[in-house]
Amino acid sequence: MLAYESLRESLNRLQMTAAENALDNLLESARTNELSIVDAMDKLLRIETEARQERRVMVNSRFAGLPYRRTLEDFEFSAQPSIDRELIERLGTLRFIDEGTNVIFLGPPGVGKTHLAVALLLKALEAGNRVFFISMSTLIRKHSDNIRKGMPSRMLTNLIKPAVLALDEIGYTPLDSDAATLLFDVIDIRYRKRKPIILTSNKSWGQWGEIIPDRVMATAILDRLLHYSVTVNIAGDSYRLRQHREFGLSYINRSEKEERNGESVAFKPAKL
Ligand code: ADP
Ligand code: MG
């Protein structure tokens, strides 16, 4: 068998599709001395590695459960001065994954907690990590369905396997004892494996007693969660409401100016 055919067959058997597709062009470049043999081999393997990385990101993103796509670059830090931008950018380097540091976003609705959680997950995803996002209300609902069907640990793998898990909106729904037990298991196992959790909540730590009525359980959960963690407290106004208000204000200013200039106001704001 010719070396060329054998090479092709090996690439095929190793399922190196991208490399196989690039082979002829690279060999041609090597033949015409545009590329040395080492360069051609390096390029061939790089093409395959990059294609695999892309595929991995695609597969992982299918399981990630992200509610929307929002990036750190989309985040307007000027709109939320209570946030330490440097800290968020440091988190964006993903060192928190290696360190096993939990990231906790606390604050009222609309201040960007979910946005930042999603943005960090996207960064982790694009770096090739498995990630999983779930809101607490969905988690509670699915878990009680599973218990009813006699499969109480069905969700556990999804919650434990990913390199980063985001639990969104803890605090809107109080946890019954089944949900609190699941939360404890997830936090305990991930704590022992040093796998980080990103958590968002509208409740401050002091209010966790309202979320998890069993005090011993609440303390055990908080202990593990906070041991390796950074908390980002976000104060301030809802971004959406702010946008509405700003739009309203600039509109009114414009109408006043136009009236002052004696011009007719072409349109009136719609009544909301
Ligand atoms: P919550 O704190 O309730 O989780 P979200 O993160 O869902 O709030 O934010 C509500 C909406 O406002 C989202 O569409 C989000 O992308 C946007 N948003 C919030 N804060 C900012 C910000 N500082 N810059 C850009 N968009 C923001
Ligand atoms: Mg949210």
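These numbers were taken from a predicted model, which means no experiment stands behind them.

1. Looking at the nonpolar core
The nonpolar side chains of soluble globular proteins are, as a tendency, buried together. The biggest cluster of nonpolar side chains holds 33 residues, and the ones touching the most others in it are Leu159, Leu167, Leu175, Leu183, Trp208 and Ile212. Here this core takes 7 residues from helix 9 (residues 177-193), the largest share from any one element. Among the nonpolar cores identified, the runner-up in size contains 32 residues, and Leu87, Leu91, Leu125 and Ile234 belong to it.

2. Brief notes about the sheet that holds strand 3 (residues 164-170)
Taken in spatial order, the 5 strands line up as 2-3-4-1-5 in an open sheet, and their pairing is parallel. Both outer strands of the open sheet, strand 2 (131-135) and strand 5 (229-233), are each paired with one neighbouring strand and no more. Going across the sheet, the axis of each strand differs from the next one's by a mean of 15 degrees, ignoring polarity. Examined bridge by bridge, strand 1 (residues 102-106) and strand 4 (residues 197-201) share 4 bridges and lie parallel to one another. Across the sheet, Ile104 pairs through a bridge with Leu199, a residue of strand 4.

3. Observations regarding unusual backbone geometry
In this structure, Gln15 takes a positive phi of about 55 degrees despite not being glycine. Looking at where Gln15 falls in the secondary structure, it is placed in the loop between helix 1 (3-13) and helix 2 (17-31). With relative accessibility at 59%, the residue Gln15 sits in the exposed group. Even without glycine at this site, Glu169 takes up a positive phi of about 60 degrees.

Reading guide: rules and limits
Residues numbered from 1 in each chain as written. Chains lettered and ligands numbered in written order. Predicted model: local features only at pLDDT ≥ 70, side-chain atom pairs only at ≥ 80, totals over all residues. Heavy atoms only, no water. Core = buried A, V, L, I, M, F, W, Y, C linked by side-chain atoms within 4.5 Å. Buried < 20%, exposed > 50% of the residue type's maximum accessible area, 1.4 Å probe, protein only. Helix = DSSP H or I, 4+ residues; strand = E, 2+ residues; numbered from the N terminus. Pairing = 2+ DSSP bridges. Axes fitted to C-alpha atoms, helices over the stretch in contact; angles between N-to-C directions.

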